[in-house]
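Structure at a glance
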Amino acid sequence: QEGLGAKALRLTILCAPRTSETIGAEWSEFDLDGAMWIIPAVRMKKTIEHRIPLCAEAIEILRELKAYRVGRFVFPSMRKVKGPEQPMSTAAMSSVLRRMGRTDITVHGFRSTFRDWVAEETNFPRRVAEAALAHKLKDGAEAAYQRGDLLKKRRRLLEAWADYCLPKKNNVTRIRA
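My aim in this report is to walk through the structure given alongside it, one point at a time. Every value quoted in this text rests on a predicted model; they were computed, and no experiment measured them. (Residues numbered from 1 in each chain as written. Predicted model: local features only at pLDDT ≥ 70, side-chain atom pairs only at ≥ 80, totals over all residues. Heavy atoms only, no water.)

1. Examining the overall build of the chain
Along the chain, the regular secondary structure elements total eight helices and three strands. Residues counted as buried form 41% of the 177 residues belonging to the chain. For the chain, the proportion of contacts with a sequence separation of at least 24, taken over those separated by at least 6, is 60%. Just so you have it, the chain exposes about 11,200 Å², and 51% of that area is on carbon and sulfur atoms. (Helix = DSSP H or I, 4+ residues; strand = E, 2+ residues; numbered from the N terminus. Buried < 20%, exposed > 50% of the residue type's maximum accessible area, 1.4 Å probe, protein only. Contact = heavy atoms within 4.5 Å. Areas by Shrake-Rupley, 256 points an atom, 1.4 Å probe, with all protein chains shown as cover.)

See below:
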């Protein structure tokens, strides 16, 4: 059985959010039928709402977790704490990597890997990759005119990323005799 930290790590890899965005995720942010995660501005580094299109695997992870929902956080702390409910520790996903013997990589490094993959292995525009990572445009003039969030293009990008990350379920091609 895969633990909560491992599920958080898989969702983080597939959706490319920051660690804090994953561990602080609340059920109210998700529309599983619409395949969308909407992180409110107050939880974002840029303080701008960020919509993340969800691939089928991400939805599967979330539906599995929802069956055992115990509070408002998707990834609640497993520690018994007095007071308000808390999200899991920021170290939970790093602990998964350590248990896997992967001390050579970091959780945040998956965002960098995603960005490198987009640049080196795809034809998606730089702007789409930066929007997927919720990065602020450095060019103020471009930022002033770029009001959309490129959602349709980012959905295609994250679906391509999921295809790249996940093993093919059936990689056998039938050949007629």
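Next comes the rest of the write-up.
2. Comments concerning the side chain of Thr22
Tracing the sequence through the fold places Thr22 in helix α2 (residues 19–23). For Thr22, a relative accessible area of 0% corresponds to the buried category. Excluding residues within four positions of it along the chain, Thr22 makes contact with Ala8, Thr12, Pro17, Trp37, Phe75 and Met93.

3. Brief notes about the sheet that holds strand β1 (residues 30–31)
Overall, antiparallel pairing links the three strands, which are arranged β1-β2-β3 in an open sheet. Two strands bound the open sheet, and with one partner strand each, they are β1 and β3 (50–53). Two elements, β1 and strand β2 (residues 36–39), share two bridges in a ladder whose sense is antiparallel. By the bridge assignment, Phe30 is partnered in β2 with Trp37. Sheet contacts for helix α8 (residues 151–165): β2 and β3; angle to β3, the most-contacted strand, approximately 45°. (Pairing = 2+ DSSP bridges. Axes fitted to C-alpha atoms, helices over the stretch in contact; angles between N-to-C directions.)

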